[in-house]
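Chains, contacts and geometry: an overview
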Amino acid sequence: MSVDVLTFGLNHVSAPVAVRERVSFPMDVLKPALDGLRSAFGSSVKEAAILSTCNRTEIYCAAEPQVREHLPSWLADFNSLEANSLQPHLYQYQRNEAVRHTFRVASGLDSMVLGEPQILGQMKDAVRAAEQAGALGTLLHQLFQRTFSVAKEVRSQTAIGTQSVSMAAAAVKLAERVLGDLSQANVLFIGAGEMIELCATHFAAVHPKSMMVANRTLDRAEALASRFMAKTMQLSDIPDKLADYDVIVSCTASTLPILGLGMVERVTRARRHKPMVMVDLAVPRDIETEVGRLADVYLYSVDDLGRMVQSGTDARRAAVVQAEAIIDTRVQHFMHWLQTRAVVPAIIDFQQAADQVRESELERARRMLARGDAPELVIEQLAHGLTQKYMHGPLVALNRTEDDERKQLLNLLPRLLPRVDRRR
């Protein structure tokens, strides 16, 4: 059965963060998930990769077409969810539409922040994880290599990434909207990954009173803090020191909330109800949603920031048309490669059949030479035998066909026969 490129999943457009966090795949879960996916479908899923970020969870497959209708149920089962709860939020693509979607995602055209560059690195991480899990083969390897090339081409030949309004910049603006001048604000970053690094860069630019980085691994926190003259602390110190901070930005890989309602309630009383800005960029969320109900806490999720940055995308929308044109061309190139790859088994069979004919005629020629036949005669017989066998199939096909089928064969034959260069 033929193998299709299939993509399905959900993103910030199709599903709110409350749904996305329930189907997110931390890095340490990717290999078990890929193993489980291929185990569930057997040989029907040849290759697979999983991309899971705060804004999307998507599964890319090289699989037989009938797999498509069962993939959503697998995703729900793996995450212990009811399939019906996910179905309204899922999208699916196959063949050229799946390829186009993959190119658009890597190029930043499908991102919450149009043209943002982080998604390309996240996709490369997903591909590395699939390779390490042994889940990547020729088809998806080729797809992703072309995907990375397309993303580079879009970024270098269009203005899609210029004047990017990032989530990190939006976090600063939200904090300023609530607190005003941040020069007297104490800022706490929870986590030390790429998103926290971006946020620290933007907050440092407005010169807050102090910045602190809390992380499970202190060495990593110190490496980040040293760049911004910030201090560090352990995650376990947060409950005792949280009241000291006016702005908290959190983005970790924790599967459970780090800041709960009870903890933050105690903190607001200790702060004498002085307002706090809390920005939760994690999926699953680091801060319990109930915290947002507290009168003195201004809690923003990744979706809240996403809505804010949308207003800054108008300058880049003109570049989308050009980017889509590049992607359409590259999709056609990939589909041509895929179609060419589909005929490879037939070409191999044809080549093997030709090799068998050649070996048969060569063996007959060797026997003639061994019994002393004249070399000129042997060469003539070899050429005659090869010609007869080469012509046998087409001539039989012509004799056995009629009308339109025969006309088609007659049109094809000149293209199949070798051309002799008379100038030699």
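Structure's up top.
Residues numbered from 1 in each chain as written. Predicted model: local features only at pLDDT ≥ 70, side-chain atom pairs only at ≥ 80, totals over all residues. Heavy atoms only, no water.

Right, let's get into the overall build of the protein. Of regular secondary structure, the protein possesses 17 helices and 10 strands. A compact globule built from 424 residues would reach a C-alpha radius of gyration of about 22 Å, whereas the protein, at 31 Å, exceeds it by more than 25%. Dimensions of the protein, computed from the C-alpha atoms along their principal axes, are close to 110 × 45 × 45 Å. Taken across its 424 residues, the protein has 46% of its residues classed as buried. For the protein, the accessible area works out to roughly 22400 Å², and carbon and sulfur atoms hold 51% of it. Here the protein contributes 49 positive and 50 negative side-chain charges, whose respective centroids are spaced 4 Å apart. (Helix = DSSP H or I, 4+ residues; strand = E, 2+ residues; numbered from the N terminus. Rg over C-alpha atoms; globule rule 2.2 N^0.38 Å. Buried < 20%, exposed > 50% of the residue type's maximum accessible area, 1.4 Å probe, protein only. Areas by Shrake-Rupley, 256 points an atom, 1.4 Å probe, with all protein chains shown as cover. Lys, Arg positive; Asp, Glu negative; His and termini not counted. Charge placed at Lys NZ, Arg CZ, Asp CG, Glu CD.)

Taking strand neighbours across the sheet as the criterion, the 4 strands line up as 2-3-1-4 in an open arrangement whose pairing is antiparallel. Where the open sheet ends on each side, the last strands, each with one partner, are strand 2 (45-52) and strand 4 (91-94). Each neighbouring strand pair of the sheet contributes to a mean axis angle of 15 degrees, computed without reference to strand direction. As defined by bridge partners, strand 1 (residues 4-11) adjoins strand 3 (residues 56-63) across 8 bridges and the pair is classed as antiparallel. Along strand 3, the bridge assignment pairs Val 5 with Ala 62. Seen against the sheet, helix 2 (residues 27-41) touches strand 2 and strand 3 and runs at an angle of roughly 145 degrees to strand 2. (Pairing = 2+ DSSP bridges. Axes fitted to C-alpha atoms, helices over the stretch in contact; angles between N-to-C directions. Contact = heavy atoms within 4.5 Å.)

What follows is about the sheet that holds strand 5 (residues 186-190). In space, the 6 strands of this open sheet follow the order 7-6-5-8-9-10, with parallel pairing throughout. What marks the edges here is a single partner per strand, and that holds for strand 7 (231-234) and strand 10 (297-301). Each strand of the sheet is rotated relative to its neighbour by a mean of 20 degrees, with strand direction disregarded. Contacting strand 9 (276-280) and strand 10, helix 13 (residues 302-309) runs over the sheet at an angle of about 75 degrees to strand 10.

It is worth spelling out the pattern of salt bridges at this point. With the rule as written, the count across this model stands at 24 salt bridges. Lys 31 is paired through a salt bridge with Asp 35; the nearest N and O atoms lie 2.9 Å apart. Of this pair, Lys 31 and Asp 35 both sit in helix 2, 4 residues apart, which is roughly one turn of the helix. Residue classification places Lys 31 among the partly exposed positions, given a relative accessible area of 43%. (Salt bridge = Lys/Arg side-chain N within 4 Å of Asp/Glu carboxyl O.)

Right, let's get into the environment of Ala 221. Summarising the element assignment, Ala 221 is placed in helix 10 (residues 218-225). What makes Ala 221 buried here is its relative accessible area of 0%. Separated by 32 residues in the primary sequence, Ala 221 and Phe 189 have C-alpha atoms spaced 9.6 Å apart.

Here helix 8 (residues 167-179) crosses helix 9 (residues 194-204) at 50 degrees, and the two axes come no closer than 8 Å. Taken as axis vectors, helix 8 and helix 9 run oblique relative to one another. Crossing handedness for the pair helix 8 and helix 9: right-handed. Residues Met 167, Ala 168, Ala 169, Ala 171, Val 172 and Ala 175 of helix 8 touch helix 9, and the partners they reach there are Met 195, Leu 198, Cys 199, His 202 and Phe 203. Looking at side-chain class alone, the contact of helix 8 with helix 9 contains 10 nonpolar, 1 polar and no charged residues. (Parallel < 35°, antiparallel > 145°, perpendicular 65-115°, else oblique. Left-handed = near helix turned anticlockwise from the far one by under 90°. Nonpolar A, V, L, I, M, F, W, Y, C, P; charged D, E, K, R; others polar.)

This part is about helix 16 (residues 375-400). Compared with an ideal rise of 1.5 Å per residue, which puts 26 residues at 38 Å, helix 16 spans 38 Å between its outermost C-alpha atoms and is within 8% of the ideal. Residues Val 378, Gly 385 and Leu 398 constitute the buried set of helix 16. (Expected span 1.5 Å × (residues − 1).)

Positionally, His 89 belongs in the loop between helix 4 (83-86) and strand 4. On the basis of relative accessibility, which here comes to 18%, the residue His 89 falls in the buried class. Excluding residues that lie within four positions of it along the chain, His 89 makes contacts with Gly 9, Leu 10, Ser 14, Ala 15, Pro 16 and Val 19.

Without other data, these values stay purely geometric and don't point to any function.
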